[in-house]
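Coordinate inspection notes
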Amino acid sequence: MSEPIVKGRNLVKRFGSVVGLNHADFDLFPGEVLAVIGDNGAGKSTLIKCFAGAHLPDEGEMWVAGEQVAFKSTHEAREHGVETVFQTLAVAPALDISANLYLGRELRKPGFLGKVFRQMDKKRMRQESGQHLQDLGIMTVQNISQAVETLSGGQRQAVSVARAAAFGSKVIILDEPTAALGVRESAKVLSLIQDLRERGISVILISHNMPQVFEVADRIHVQRLGHRAAVVTPQTHSMNDAVAIMTGALQVPENEQTLTPLGSPA
Amino acid sequence: MSTEATSDLDLEEEFAVKRSPIQRLQMTLHRYPWLSSLIVLVVVVLIFGLVNERFLLPSTISLMIQQTVIVGTLAIAQTLIILTAGIDLSIGAIMIFGQMLMANFAVYTTASNVLPIAGQNPWVAIFLGICAATAAGAVNGFLIVRFNLPPFIVTLGTWSVFMGLTLILFKARTIQGPEMPDEMKLMGESFPIGPFNFSIGVITMFLLYLLFAWILKNTAWGTHVYAVGDDPVAAQLTGINTKRVLFSVYLVAGVVMGIAAYITIGRVQSASPNVDPMLNLQTITAVVIGGTSLFGGRGAVIGSLLGALIVNAVEMGLSLAGVDQSYRTTAIGLLVILAVGVDQWIRKVKA
């Protein structure tokens, strides 16, 4: 049995008197797509924000790739290879695609110009952004200097995903990536998720959309009342079962859950 | 723009939409926000040149550029701040504070009965004046970043504070040119370039514009200034230290205000606490006419120079055409509203 790449135990997060996480456990194994579902207020977002570096849990322990961590910022999470595509996408609309891809980690020119004058290497940033986008099969290279606000919702999502995937990350967290998209664009994002898995990146997908979850997920983590209610797979349980677990109508004994990675992760 | 993208990739057809000429104009203006102000400046100059041939005389043009030097230099600081979606109402007050401090340090005999200082080395005085303006900028930045106060309110307050502080420390006494060593008035020294007449202050202003245009375009800091103004939450999530960026902008703006203080002494050939009290609004006018959005995140520093020149060209042209002052003021007002209207239209650009 392989070790989880992201692991959480007994995570507790309170917001004043509101309990966001109530001794939640979490496991993500290398190379899998793990969907996180749950009713509003079940603590899905709080849970992933702990791993994204946006929240620091009050109690409990987290590990990434075997190393115990406590992220105080998204920057720290990134340094451990955990990238997040937030629901708001976190892009600067007026900046172009390449500036957005490298936002917060701009490349500097080598030598004197870069060291003393801190000049950015825009040419290399453009070239490499184009390459990253092409690797994911999402965009033509000549549009790299286009402002992000001139892109459609799906294209913006693609830029955000490309940014997460571009920097040798091990884990990508996607928060409701299709919530604002139409059918065609959603399909595009789902195929992007499959691309990421094929490249060996582990993906955490937060979604409300059951059919989409059952289409792409290897395993499904069901969050309820601030903790992990069950982990199932699309093969062992139906959408109705998943909804029943979410609402508490169905309890799944541990031996019927899928707490270990699938036999051969794709 | 790539309206004819050629590729077999999925989303290619979405890029290849046909656009009407109006939409293409909108796209182009969206990409180069200063372009509309350049067009306006050229049109204004052509029209007034046709109306009155004296308008195009090198001496008139030289005078016009020299008249923009104070507002033009301060507009650099204002642009940086407006790019972060902030605003600085204290800009003129800080400049006057720095200017009076400089002049009082450099003056031959004591001018202030509160701070008995005089006869310092003029370069030390200039340096201290710039430091004082920088510190004043830092105060604005600190209040805005540390306490999360709106820039409008903070600078509305510091506008009065620095104005009052200037009067408390230096009294309302104007220091005349002859009271100061020549080094203090250096920025007013002019020299001919071809038929034109430039002052060192004007050249300094141009160099500052080039410097900041380069910094904004070519450094990570410049990109972060735009990102913070565009969407501060997004900027923070991408790992940018938004507070540090914001603070540094007010600090750097303070440095520019200090340099503007030195330029002002040269231009006016005296140091008075009663320099135009509307300087803050004039810089905002220049920035807005220059195509920088008051909502932050878009614009270019070079546009503000064009904006300041447009205001002066309109003033000068109308006055040469014998138009009354009140009509000139009205015309500038309409220009500002038009500029904001165009900005709103450009921002609506879509793929």
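Up top is the structure these notes are about.
What you are looking at is a predicted structure, and each value in this text was computed from that prediction instead of being measured. (Residues numbered from 1 in each chain as written. Chains lettered and ligands numbered in written order. Predicted model: local features only at pLDDT ≥ 70, side-chain atom pairs only at ≥ 80, totals over all residues. Heavy atoms only, no water.)

**Focus: the sheet that holds strand β3 (residues 33-38) of chain A**
Residues and elements named next belong to chain A. What counts is decided by this rule: Two strands make a pair as long as DSSP finds a minimum of two bridges between them. Helix and strand labels come from DSSP, where a helix needs a run of H or I of at least four residues and a strand needs a run of E of at least two; each type is numbered from the N terminus. Angular values range over 0 to 180 degrees, each being the angle between N-to-C directions of two axes fitted as lines to C-alpha atoms, with helices fitted over their stretch in contact. Residue contacts follow a heavy-atom distance rule, with two residues in contact if any of their heavy atoms lie within 4.5 Å.
If you walk across this open sheet you meet the six strands as β6-β7-β8-β3-β9-β10, and the pairing is mixed. The sheet is open, and its two borders are formed by β6 (82-85) and β10 (227-232), each paired with just one other strand. Within this sheet the neighbouring strands show an average axis-to-axis angle of 20°, counted without direction. Bridge analysis of strand β7 (residues 171-175) against strand β8 (residues 202-206) gives five bridges, and the strand direction is parallel. Residue pairing for β8: Ile 173 is matched across the bridge by Ile 204. Helix-sheet contacts for helix α1 (residues 44-52) involve β3, β6, β7, β8 and β9 (219-224), and the interaxial angle to β7 is about 145°. Sheet strands touched by helix α6 (residues 153-166): β6 and β7. Its angle to β6, the strand with the most contacts, is close to 175°.

**Here we look at the pattern of salt bridges**
Definition in use: We define a salt bridge as a contact between a side-chain nitrogen of Lys or Arg and a carboxyl oxygen of Asp or Glu at a distance within 4 Å. Each residue is assigned to one of three classes by its accessible area relative to the maximum for its type, calculated with a 1.4 Å probe on protein chains only: buried under 20%, partly exposed between the two thresholds, exposed over 50%.
What the rule picks out here adds up to 14 salt bridges over all chains. The residue Asp 27 of chain A makes a salt bridge to Arg 228 of chain A at a minimum N-O spacing of 3.2 Å. With Asp 27 of chain A in strand β2 (residues 18-28) and Arg 228 of chain A in strand β10, the pair connects residues that are 201 residues apart, well separated along the chain. Since its relative accessible area comes to 6%, Asp 27 of chain A is described here as buried. You can call Arg 228 of chain A buried: its relative accessible area is 18%. Linking Lys 185 of chain B and Asp 182 of chain B is a salt bridge whose minimum nitrogen-to-oxygen distance equals 3.6 Å. On the basis of relative accessible area, Lys 185 of chain B is assigned to the buried category, the value being 10%. Assessed through its relative accessible area of 60%, Asp 182 of chain B is described here as exposed. Through salt bridges with shared partners, a single ionic network connects Arg 9, Asp 27 and Arg 228 of chain A.

**Observations regarding empty space enclosed by the protein**
Any space left empty among the atoms is revealed by the rolling of a water-sized probe across them. The condition is simple: Grid points spaced at 1 Å and placed over the protein atoms alone form the basis of the search, with a cavity being a set where a 1.4 Å probe fits but cannot get out and a pocket an open set showing protein on both sides within 12 Å along at least five of seven lines. Lining residues have an atom within 4 Å of a point. Grid points are joined across faces, edges and corners, and a volume is the space filled by probe spheres set on the points. The nonpolar class holds Ala, Val, Leu, Ile, Met, Phe, Trp, Tyr, Cys and Pro. Asp, Glu, Lys and Arg form the charged class, and all remaining residues, Gly among them, are polar.
Applying the stated rule across the entire model yields three cavities of 30 Å³ or more. As a volume, the largest cavity reaches approximately 130 Å³. Along the wall of the largest cavity there are 15 residues; nearest its centre are Arg 78, Glu 83, Thr 84 and Phe 86 of chain A together with Leu 237 of chain B. Those elements that provide at least two residues to the lining of the largest cavity are α2 (74-79), β6 and α6 of chain A. Split by residue class, the lining of the largest cavity holds eight nonpolar, four polar and three charged. Considering only enclosed or pocket space, the second largest cavity measures out at about 40 Å³ in volume. What lines the second largest cavity is simply Val 288, Thr 292, Ser 293, Leu 294, Phe 295, Val 340 and Asp 343 of chain B. Its residues assigned to classes, the lining of the second largest cavity comprises four nonpolar, two polar and one charged.

In short, geometric facts, not functional conclusions.
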